[in-house]
Amino acid sequence: MNIRKKKTLQLKKRTSDRSTAPSTLKRRRTVSPPRQNPTVSILSLPPEVLENILFRLSVPDVVSFGATCHYFHKLSLSQAVWKNLYFENLKGPAPSRNDETNWRRLTILRMSQGLVLQRLRSASGRGKAPLQHLRSRQLSLSMSFNAPMALGFRRVVPILDHTVLLDYKGTLFVLFTPRRNVMWRRPLVYTILRNDAKDFAVDPRCNLIYRQYIYVLVSREVCGIPPGCIGPPAPRIMCDCVEVFQWDTHKMIFRMTFHFSLNFTQLRLCGPENKRTVLLLTDTGKVYAMSMNEIQLNNSYSYTTHLTLKNISKILPELPIKQIHTSFNSILYIRADGSVFIEVHSIGTYYQLFGTHAGHDTFDAQTVIPLMLPYKVVKCSLGLSHLCLLDDCGRVFMQGCNCYGQLGTGDKIDRGEPTMVIVSMAPVDVWCGLNHTLALLQTESGDKEVHGCGCGSNGRLPGYWTGSPVFVRLSIQVPHAASSLCCSKECIFLLCSHDIAEPPARHYIPPGTEDEKDIERGQEEEKQRMQIHLTHMKSCDSAKRQIIILQSAVTQHLTGLSPIHKDFFDTALSIILDHCTKAETEPQQPSKA
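Residues numbered from 1 in each chain as written. Predicted model: local features only at pLDDT ≥ 70, side-chain atom pairs only at ≥ 80, totals over all residues. Heavy atoms only, no water.

### Here we look at the overall build of the chain
Here comes step 1: Scanning the chain from terminus to terminus reveals 11 helices and 28 strands.
Here comes step 2: Of all 593 residues assigned to the chain, the portion counted as buried reaches 42%.
Here comes step 3: A separation threshold of at least 6 residues defines the contact pool for the chain, and within that pool the share at least 24 residues apart is 49%. (Helix = DSSP H or I, 4+ residues; strand = E, 2+ residues; numbered from the N terminus. Buried < 20%, exposed > 50% of the residue type's maximum accessible area, 1.4 Å probe, protein only. Contact = heavy atoms within 4.5 Å.)

Next up, the structure:
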């Protein structure tokens, strides 16, 4: 107990000493305010740091970063960033690493490439289906394809049980796509037909049974000395040639080699099998043609054919040809300036396209007929009896037979000249079938839809089995990156590939017509402006200031009034304003009691 009392007394003594100590000896704890650092923004970072950050992002993040502002957009175009994204995120063979390679274009092509196949109906379903079975004839199955060896798909054409694909690198793929009622449970099997192809072509008819051969335009290395000549070894040169493959065995059965001075870029076919016309477009815009017989391709002997210059290149040689489109009995040319010329070989096809026999020369099959269209045409699709043209402003023009409503004009009257058809969205691509037309359209948000018109039998227009004389939206699931389409009797093929070098799709709105969304948006904006003027008028104390605000609102926004009513409204407000001004300036006289 004594020890405990002593400790208690010592503790009291210490506390009393601390309380009696002078204030100068006490420790004071001073707390300094936190330092205020200057605000750091991402815009204040140097470009080298921002580029290093972009190296660690994905492709969608880099695209979103570039859409933020103009400064970030310039940074997102760095070739070093896209080159790193190409080799970090993508697999497959690397392109040539030279300074002229556009790594941004190559990366976006690889990221957006693909092929979507959507089956229309069963191959065994023929004739008219009853009403209770209409549901079974909708799109029953879809399949997608993407090859790691490809570099952005450029063109797709179906042939019997196969599908031919060409990418931007020149690789030609052949996919096994069964036409019959076979479930697509496994990935599509494909083979590589050629690695250095420039273009390919098949029979232009819609019936796939006629597509027995695949014509491929390639560039191969040949010896500079003709065979049989004796002399010193000459350097090998590159020459273009056309190779013909069988569709089922993929075996080359024929080859045609051309002079090294001719550099071709496009290949198309026209005419029947026994008198096939092979069309070749050079890099200078000239069109050459040669005739051959496909029945003799399986023979082992060789023969010589003549390569002749077409009349379209003789008439106006100063205007080069940019595109060639063919059908069974007709050829359509698009020049560099956007003008369109057509060449019809059959009098029946001529009557279906123009509605008359006048102007057709039965003795000269190469007679070129210009299509009077005062716009620049950039895309085209040529069918057996009708055609579709797209200009650079998003206009759609149709011409030809309209017995099933395949022109989309709302009636079944034939058109002998290009007739503009209004579509609800921006057209991306069009395809003309036998009795129907398909159009790939793009909305304002970037989503894609497939619209169609014409005959709807056998599932040609999914969702509209009776057909439609106007373009209607079809029950087809369209990928976001779809760029072109084509159709067979069983499937719809949607090619996915986004090329930044191509101009974006544009939507043409005729004068005097506006979209309902634009009208609603304009009315909402006008309502907000009027509400702002009313708020200003309520905040004013004097009637003079309120009239000035009202007069300004009438002058700026009430543009829909007629000039007479607008002048009357403005004059009346000016009279009221002058009266208010005189009332404020005149002194008030004292009232008499």
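### Overview of the nonpolar core
Here comes step 1: If you look at the biggest cluster of nonpolar residues, it comprises 34 residues, and the most contacted ones within it are Leu115, Phe145, Leu165, Leu438, Val450 and Leu494.
Here comes step 2: Sort the elements by how many residues they give to this core and strand β28 (residues 491-496) lands first, with six residues.
Here comes step 3: When sequence neighbours within four positions are dropped, the list of residues in contact with Leu494 reads Gly114, Leu115, Val116, Gln118, Val450, Ile476, Gln477, Val478, Pro479, Ser484 and Leu485.
Here comes step 4: Residues Tyr213, Val242, Val244 and Leu269 belong to the second largest nonpolar core, which totals 19 residues. (Core = buried A, V, L, I, M, F, W, Y, C linked by side-chain atoms within 4.5 Å.)

### Observations concerning the sheet that holds strand β11 (residues 264-270)
Here comes step 1: Pairing in this open sheet of four strands is antiparallel, and the strands run β11-β12-β13-β14 from one edge to the other. Two strands close off the open sheet at either side, each with one partner strand: β11 and β14 (308-309).
Here comes step 2: Relative to strand β13 (residues 287-292), strand β12 (residues 276-282) runs antiparallel, the two being bridged by six bridges. Across the sheet, Thr277 pairs through a bridge with Ser291, a residue of β13. (Pairing = 2+ DSSP bridges.)

### Topic: the packing of helix α5 (residues 79-89) against helix α6 (residues 103-112)
Here comes step 1: Packing of α5 against α6 brings their axes to within 8 Å, and their N-to-C directions diverge by 35°. For the pair α5 and α6, the sense of crossing is left-handed. In contact with Gln79, Trp82, Lys83, Leu85, Tyr86 and Phe87 of α5, α6 contributes Trp103, Arg104, Leu106, Thr107, Ile108 and Arg110. (Axes fitted to C-alpha atoms, helices over the stretch in contact; angles between N-to-C directions. Left-handed = near helix turned anticlockwise from the far one by under 90°.)

### Here's the deal with unusual backbone geometry
Here comes step 1: Even without being glycine, Leu160 reaches a positive phi, approximately 50°.
Here comes step 2: By secondary structure assignment, the location of Leu160 is in the loop between β3 (153-159) and β4 (162-167).
Here comes step 3: What makes Leu160 buried here is its relative accessible area of 11%.

### Description of the packing of aromatic side chains
Here comes step 1: In total, this model carries 13 aromatic pairs according to the counting rule given.
Here comes step 2: With 6.2 Å between their ring centres and 90° between their planes, Phe153 and Phe173 make a pair best called edge-to-face. Separated by 20 residues along the polypeptide, Phe153 in strand β3 and Phe173 in strand β5 (residues 172-176) bring together distant segments of the chain. For the residue pair Phe153 and Phe173, the accessibility class agrees, reading buried in each case.
Here comes step 3: Taken together, the ring pairs connect Phe145, Phe153, Phe173 and Tyr190 into an aromatic cluster.
Here comes step 4: The lysine or arginine in question, Arg105, covers the ring of Tyr168, its NZ or CZ lying 5.3 Å from the ring centre. (Phe/Tyr/Trp six-rings, centres within 6.5 Å; stacked < 30°, edge-to-face > 60°. Lys NZ or Arg CZ within 6 Å of the ring centre and 35° of its normal.)

### Regarding the confidence of the model for the chain
Interpretation of the predicted coordinates at a detailed level should be avoided for regions scoring low in pLDDT.
Here comes step 1: When pLDDT is averaged across the chain, the result is 81; 78% of the residues are at 70 or more.
Here comes step 2: Scored below 50 in pLDDT, residues 122-140 shows 27 contacts in the model against residues more than four places distant or in partner chains. (pLDDT = per-residue confidence, 0-100.)

### Here we look at the side chain of Ser339
Here comes step 1: Mapped onto the elements of the fold, Ser339 is located in the loop between β16 (330-335) and β17 (340-344).
Here comes step 2: Looking at Ser339, its side chain comes within polar contact range of the side chain of Asp337, at 2.8 Å.
Here comes step 3: Not counting the four nearest positions on each side in its chain, Ser339 is found in contact with Tyr333 and Ile334. (Polar contact = N/O pair within 3.5 Å; in protein donor to acceptor, adjacent residues only side chain to side chain.)

### Quick word on the packing of helix α3 (residues 59-66) against α5
Here comes step 1: Relative to each other, α3 and α5 sit at 155°, their axes nearing to 11 Å. For the element pair α3 / α5, the angle class is roughly antiparallel. Residues Val59, Val62 and Val63 of α3 form the contact with α5, whose participating residues are Trp82, Leu85 and Asn89.
Here comes step 2: A breakdown of the residues in the contact of α3 with α5 according to their chemical character gives five nonpolar, one polar and no charged. (Parallel < 35°, antiparallel > 145°, perpendicular 65-115°, else oblique. Nonpolar A, V, L, I, M, F, W, Y, C, P; charged D, E, K, R; others polar.)

### A closer look at α6
Here comes step 1: Across the 10 residues of α6, seven count as buried, placing the element largely inside the fold.
Here comes step 2: Buried residues of α6: Trp103, Leu106, Thr107, Ile108, Leu109, Arg110 and Ser112, and no others.
Here comes step 3: Packing partners of the buried residues in α6 comprise α3, α5, β1 (114-119) and β28.

### Here we look at the sheet that holds strand β19 (residues 377-382)
Here comes step 1: If you trace the four strands from one edge of the open sheet to the other, you get β19-β20-β21-β22, paired in antiparallel fashion. Both outer strands of the open sheet, β19 and β22 (415-421), are each paired with one neighbouring strand and no more. Taking each pair of neighbouring strands and ignoring which way they run, the sheet shows an average axis angle of 20°.
Here comes step 2: In this sheet, strand β20 (residues 386-391) lies alongside β19 in antiparallel orientation, the contact comprising five bridges. The residue bridging Leu382 from the neighbouring strand is Leu387, located in β20.
Here comes step 3: Helix α8 (residues 347-354) contacts β20, β21 (396-400) and β22 of the sheet and is inclined by roughly 135° relative to β21.

### With respect to the pairing of β13
Here comes step 1: Of all six residues in β13, five are buried, a share of seventy percent or more.
Here comes step 2: The loop that links β12 with its antiparallel partner β13 comprises four residues; one of these, Gly285, has a positive phi angle of about 95°.
Here comes step 3: Sheet topology places β13 next to β14; two bridges connect them, and they run antiparallel. Along β14, the bridge assignment pairs Ala289 with Thr308.

### What about the pairing of strand β9 (residues 237-246)?
Here comes step 1: Buried residues dominate β9, accounting for seven of its 10 residues.
Here comes step 2: Both strand β8 (residues 213-222) and β9 contribute to a ladder of 10 bridges, which runs antiparallel. Paired with Leu217 across the two strands is Val242, which belongs to β9.
Here comes step 3: Inspection of the sheet shows β9 paired to strand β10 (residues 252-257) by five bridges, in the antiparallel sense. Following the sheet pairing, Cys241 is matched in β10 by Thr257.
Here comes step 4: Connecting the antiparallel pair β9 and β10 is a turn made up of five residues, with His250 showing a positive phi of about 60°.

### Let's talk about a nonpolar patch on the surface
Here comes step 1: A surface patch of nonpolar side chains, amounting to about 270 Å² of accessible area, comprises Ile42, Leu43 and Tyr71.
Here comes step 2: For Tyr71, the location among the structural elements is in helix α4 (residues 70-76).
Here comes step 3: In this structure Tyr71 comes out as partly exposed when scored by relative accessible area, which is 33%. (Patch = residues over 30% accessible without salt bridge, like charges linked within 9 Å, V, L, I, M, F, W, Y side chains within 5 Å. Areas by Shrake-Rupley, 256 points an atom, 1.4 Å probe, with all protein chains shown as cover. Salt bridge = Lys/Arg side-chain N within 4 Å of Asp/Glu carboxyl O.)

### Structural notes on α5
Here comes step 1: Along α5, the positions that sit buried rather than exposed are Val81, Trp82, Leu85 and Tyr86. Here the buried residues of α5 occupy an arc of 135° about the axis, which is enough to place them on one side.
Here comes step 2: Where the residues of α5 are buried, they touch α2 (47-54), α3, α4 and α6. (Arc of directions from axis to C-beta.)

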